[in-house]
2 protein chains.
Amino acid sequence: MPETPPRPAPSASDVDAGARSVGIIGAGQLARMMLGPAIELGLTTPVLATDPAESAADVAARVRPGRHDDEQAVRALAAEVEVITFDHEHVPTAILERLEQEGATAVRPGPAALVHAQDKLVMRERLTALGHPCPRWWRIGTADDVAAALTEAGGRLVIKTPRGGYDAHGVMLIDRAEQAQDWLAQHGELLAEELVPFTRELSAQVARRPGGEAVAYPVVQSVQKDGVCYEVVAPAPGLDSAAQQRIQGLALAIAEDLGVTGMLAVELFETADGEVLVNELAMRPHNTGHWSMDGAVTGQFEQHLRAVADLPLGSTAPLAPVSVMVNLLGGAAEDLAPGARAALAADPALKLHLYGKSVRPGRKIGHVTLLGDDAEELLARAHRAERLLIDGPASPAGP
Amino acid sequence: MPETPPRPAPSASDVDAGARSVGIIGAGQLARMMLGPAIELGLTTPVLATDPAESAADVAARVRPGRHDDEQAVRALAAEVEVITFDHEHVPTAILERLEQEGATAVRPGPAALVHAQDKLVMRERLTALGHPCPRWWRIGTADDVAAALTEAGGRLVIKTPRGGYDAHGVMLIDRAEQAQDWLAQHGELLAEELVPFTRELSAQVARRPGGEAVAYPVVQSVQKDGVCYEVVAPAPGLDSAAQQRIQGLALAIAEDLGVTGMLAVELFETADGEVLVNELAMRPHNTGHWSMDGAVTGQFEQHLRAVADLPLGSTAPLAPVSVMVNLLGGAAEDLAPGARAALAADPALKLHLYGKSVRPGRKIGHVTLLGDDAEELLARAHRAERLLIDGPASPAGP
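Residues numbered from 1 in each chain as written. Chains lettered and ligands numbered in written order. Predicted model: local features only at pLDDT ≥ 70, side-chain atom pairs only at ≥ 80, totals over all residues. Heavy atoms only, no water.

Focus on the packing of aromatic side chains
Note the cut-off: Here a Phe, Tyr or Trp ring, Trp counted by its six-membered ring, pairs with any other such ring whose centre lies within 6.5 Å, and the pair is stacked when the planes are under 30 degrees apart, edge-to-face when over 60, and tilted otherwise. By the criteria applied, helices consist of DSSP H or I runs no shorter than four residues and strands consist of E runs no shorter than two, each listed in order from the N terminus. Partly exposed describes any residue whose relative accessible area lies between the buried limit of under 20% and the exposed limit of over 50%, with all areas from a 1.4 Å probe on protein chains only and scaled to the type maximum. The rule for a charge over a ring is simple: NZ of Lys or CZ of Arg within 6 Å of the ring centre, and within 35 degrees of the ring normal.
All told, the structure shown has four aromatic pairs over all chains when counted by the stated rule. Note on Phe198(A) and Phe269(A): the rings are 4.7 Å apart at their centroids and 15° apart in plane angle, and the pair reads as stacked. Placement of the pair is Phe198(A) in strand E10 (residues 198-208) and Phe269(A) in strand E14 (residues 262-271), with a sequence separation of 71 residues. By relative accessible area, which is 35% here, Phe198(A) ends up partly exposed. Judged by centre distance (6.3 Å) and plane angle (90°), the ring pair of Tyr217(A) and Trp291(A) falls under edge-to-face. Within this pair, whereas Tyr217(A) is found in the loop between strand E11 (214-216) and strand E12 (220-225), its partner Trp291(A) is found in the loop between strand E15 (276-282) and helix H10 (292-295), the two being separated by 74 residues in sequence. An identical accessibility class is assigned to Tyr217(A) and Trp291(A); each is buried. The ring of Tyr230(B) has Lys225(B) sitting right over it, with the charged end atom 4.5 Å from the ring centre.

Next comes the structure, spelled out in C-alpha cells:
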C-alpha cells in the first residue's frame, strides 16, 4: 500500500474540530483492534511498528517501521498525522514533551498525563496528593528503606519497578530486604506497596476528550492469572448502583485531575469493607475493557479514537445485562485454527478475537466475549471456548 | 505493506476445514466492511482493486491492483488465497468457471450459483422452474416480444438488462415498445417484468456454508430512494412470526436450491394479500443487511467471511428489539467530517460507517445505524444524523 502522503501541518482549529488522522505508536493487539473502528469512522491510522510481523503491522494499511523509543521514528509518524496516540506506555516522556512543545502534532494523552501511567512513583505521589485512595506505599532508594518499609508493612511488600513494567513484569512480592537488592541497583528507585488483602479486583474505565467531555463505562470485575488479566465480568457482579457511581466518579475525577485524553483504565482493589484502592492506571484501551467491543454501544477502541481525535464521545451503554470476556493465553495448541473452528461450532454466539501472534506459553494471543443474562453460565461457555482454542479440539473440552 | 507471500496450493481438506485466506474481488464498501471482521477472525483478506483510491483499497493491508474482468488479475489474486469471494457480481462467469475447474482455489459463491445474481434472465427461469414466487416475466428478444408483453402486462413493463445492472442502473419503466429499442439492440436480450403493485419491499438474508449449514437473519423492511436502498428497519414492522418464518424458509430454500455459499440477500415485494414475490438476488453482503453490523450478534460481513471460509456460522440474533439503518447518499456537503461531528454530538448512540469515498450526488458514501425499541423514533434520529452528514451542520437539522 502507498505510504500516507505528506500533509500540511494542521491548524489548531482543525485539530480542535476533530482530527482525521491518528498515528498509533506501537503495533500490538491494542493498535490492531483500533483498526476496524478507524475504518468505520473514516480515520487514517498509520502505526509505528518495530517488526512487520507485529499484531497490528500485519493487518494495517499504513505501517511505518521504527521503534517507539527512537525519536526520529516517532517524529516521522507524527509528521504524517494530526494526533499521535499509543498502543503501550513505553515511549520516553522527553520525546513526547518535545513534540508537544513544538505543537505541530497533538500528543494524546499528553506527556504530563501519560507519565502517571509510565512511572508508578509519580502516579502514587500524585494520587496521594490529590487524596485518591491508594494502598500504603513507600519510595525506596536504599536497602535501609526496604527494611524499614518491610517492618511497617508487617513483613511483606510488593516491590515494583517505577517504569517499564506490564502484566506480571516488574512486580515482585518480597519478605526479606535483600530480595529487592538487584532491582534497586538496576533501577535506582523502587516503589514498595503493602500487600492489599483485597476481596477482588475491579476496573473502572472512562474516556475523556481534550476539552474535558468524559464518559464512564460500567465498572467491571477482573480476575488475573499469573499477573495477567484473564477473565472479566461486566458489570461487576453484586456492585450496587451507588457503588458503581462512586467508583465511576473516582475514575472520572482521576481523568480530570491528571488531564487524561483518550481511554483511562483505573485498576482497583476492592477490600472487605467495600472500599476501593487504586492499583494501576493505563491511558489507552485496556484488557479489562475488551468486553465493550461486543458488549457496549461504543467499544473502547472506537471510543479511544473518538476521544483522541476530539470527536464527540459515544454511548457506553451495555447491549446486554451481562458481558464476559476471557483471554486466550498461549498453551498447548500452536495452531489456533482447529480450536477456533471447534469453539465457533460449539457456540454460535461466541465472539472470537485473534491477535495474529505466534503462540508462546502464557502470551496473550486473543480473547473471546459472550453476552447474556447469567455471568456463571457465560463464563462456563467462554472457558469452554478458551480450552478448545488453547488446548486444541482434542482436549477434554472437545466434542 | 508487504504483499502476501506465495503459499503452497491448499489440499481439499485444508479448505474443508476452514480457510485462513479469502481474496476479495472488488474493493468497494462491501469489501471495506469485511476488513474489520477479518482482522478479528485472523483471516488474511487481500483485495483486488481497480484503483488505489477505492473504498477498500485505501484501508486494506493487502491490495492487488487489477480489474475484476481481467483474467490474469483475478488469477493472481486467486493464487494468493484458499478462497475467493466478491464485493460485487460483475466478474465474468467464464473466468470463475475455469478457476473452479482447476480447483486450486475455491470460488465462493461458485459460478453455478453466482450466475443467478449476475444474469436476471437465468434467475427468473430457474426460480420459476423451482416454483419460487416471481412477478410475471417475459424473455424479450425482439420488438414484437416487447409489444406482446406490454399488452399482456396491461400497458406498462419494467425492463431490465440481464447483466451489469445495480441499484437503479439497468432498470427502466416503459409504456411504449420503442422505449426498449436501444437496450434491446445493445444487449440482444432483455428481461421484462410486470410492475408489481407492492405494499412494501422486504429483504430476507441467509448465510450458507459449502456443506449446507445455513442460518437466516430476521426479515427486514427496506425503502428505496431513486432505486437505491435508503432505509431499513429490522425486523420488518408488523410481520408476524409465521410470516417471518415462511419468508426465511423461502430464502433458505433458494440458497439451498441454487447452492449458494456466503451471504444471500433475497429482495422481495410484499403484496396487499400478504404474499411475497422475489425481486432480486444478491450473493454477498447487501445494503439491506448493514443493520446487522451493529444490531446482530454476528454482522453480515463477519458472517459472509465465515461462510465462504467454511467456518461455523454465527448467531443471527438481534441485539435489540429494533434496529434501523439509513444510507448516506451524497448531497450538498463535500466534506463529511463537520456533519459527522455534529451527528455524533447530537446522538451518542449513533453508529457511523463512512466508506472513504468522494461525494457525488446520490452516491452511497456511508450509513448510520441505531438500536432501540421504537422504529419511528429511531428513524427520526437516523434521518436527523443523515441530514447533518449530507447537508452539513449548518442545515436545518443542525443545532
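Moving on from the coordinates now.
Let's talk about the UniProt feature "binding site: ATP" (unreviewed entry) in chain A
Residues and elements named next belong to chain A. Short version of the rule: UniProt positions are given in the numbering used here, feature names are shortened, and annotations may be inferred rather than shown by experiment. By definition in these notes, contact holds between two residues if any of their heavy atoms fall within 4.5 Å.
The positions that UniProt labels "binding site: ATP" (unreviewed entry) are, in the present scheme, Lys-120, Lys-160, Glu-193, Glu-194, Leu-195, Val-196, Glu-201, Asn-279 and Glu-280. In this structure, Leu-195 sits in the loop between strand E9 (190-193) and E10. Taking the relative accessible area as the measure of exposure, Leu-195 reaches 36% and is therefore partly exposed. Examined against the element boundaries, Asn-279 turns out to sit in strand E15. Contact partners of Asn-279, with chain neighbours within four places excluded, come to Met-123, Arg-124, Lys-160, Glu-201, Glu-267, Leu-268 and Phe-269.

So, unusual backbone geometry
Between Ala234(A) and the following residue, Pro235(A), the backbone shows a cis peptide bond with an omega angle of -10°. Tracing the chain through its elements places Pro235(A) in the loop between strand E13 (228-234) and helix H9 (241-258). Here the bond from Arg108(B) into Pro109(B) is cis, since omega is 0°, no more than 30 degrees from zero. One non-glycine residue, Asp226(B), adopts positive backbone phi at about 50°. Within the element layout of this structure, Asp226(B) appears in the loop between strand E12 (220-225) and strand E13 (228-234). For Asp310(B), which is not a glycine, the phi torsion comes out positive at approximately 60°.

Describing the interface of chain A and chain B
The parts lose accessible area when they come together, and the size of an interface is often stated as this lost area. Stated formally: Computed with a 1.4 Å rolling probe, the buried area is the accessible surface lost when two parts are put together, summed over both parts. Throughout this description, the term salt bridge denotes a Lys or Arg side-chain nitrogen within 4 Å of a carboxyl oxygen of Asp or Glu. In the analysis that follows, any N or O atom pair within 3.5 Å is treated as a polar contact, provided that within protein one partner can donate a hydrogen and the other can accept it, and provided that, for residues neighboring in sequence, both atoms belong to side chains. Three residue categories are used. Nonpolar comprises Ala, Val, Leu, Ile, Met, Phe, Trp, Tyr, Cys and Pro, charged comprises Asp, Glu, Lys and Arg, and polar comprises the others, including Gly.
In this assembly, 43 residues from chain A lie in contact with 43 residues from chain B. Taken together, the two surfaces of chain A and chain B that pack against each other cover about 3,600 Å², and 53% of this comes from carbon and sulfur. In this structure, the connection of chain A to chain B is made through six salt bridges. At the surface where chain A touches chain B, the tally comes to 16 residue pairs in polar contact (both at pLDDT 80 or more). Taken together, the elements giving at least two residues each to the side of chain A that touches chain B come down to helix H2 (29-41), helix H11 (300-308), helix H12 (337-346) and strand E17 (351-354) of chain A. Looking at the side of chain A that touches chain B, the element that brings in the most residues is H2(A), giving seven residues. A breakdown of the residues in the side of chain A that touches chain B according to their chemical character gives 26 nonpolar, seven polar and ten charged.

Comments concerning the relation of the copies chain A and chain B
Threshold: Copies overlap after least-squares fitting; the atoms used are the C-alpha atoms of residues with pLDDT of at least 70 in both.
Placing chain A over chain B gives an RMSD of 0.0 Å and needs a rotation angle of 180°, together with 0.0 Å of translation along the axis. Taken together, the rotation angle and the small translation identify this as a two-fold axis. When the interface residues of chain A are mapped onto chain B, 100% of them again fall at the interface, so both copies present the same face.

Observations regarding the sheet that holds strand E2 (residues 47-49) of chain A
All names here are of chain A. Note the cut-off: The pairing criterion is simple: DSSP has to find at least two bridges between the two strands. Under this scheme, a helix contributes an axis fitted over its contacting stretch, all axes are lines through C-alpha atoms, and angles between N-to-C directions fall in the 0 to 180 degree range.
Read from one edge of the open sheet, five strands run E3-E2-E1-E4-E5, paired in parallel fashion. Strand pairing shows two members of the sheet lacking a second neighbour, strand E3 (63-65) and strand E5 (106-107), which therefore form its edges. When strand E4 (residues 83-86) meets E5, the two strands line up parallel, connected through two bridges. Following the sheet pairing, Ile-84 is matched in E5 by Val-107. Contacting strand E1 (22-25) and E4, H11 runs over the sheet at an angle of about 145° to E4.

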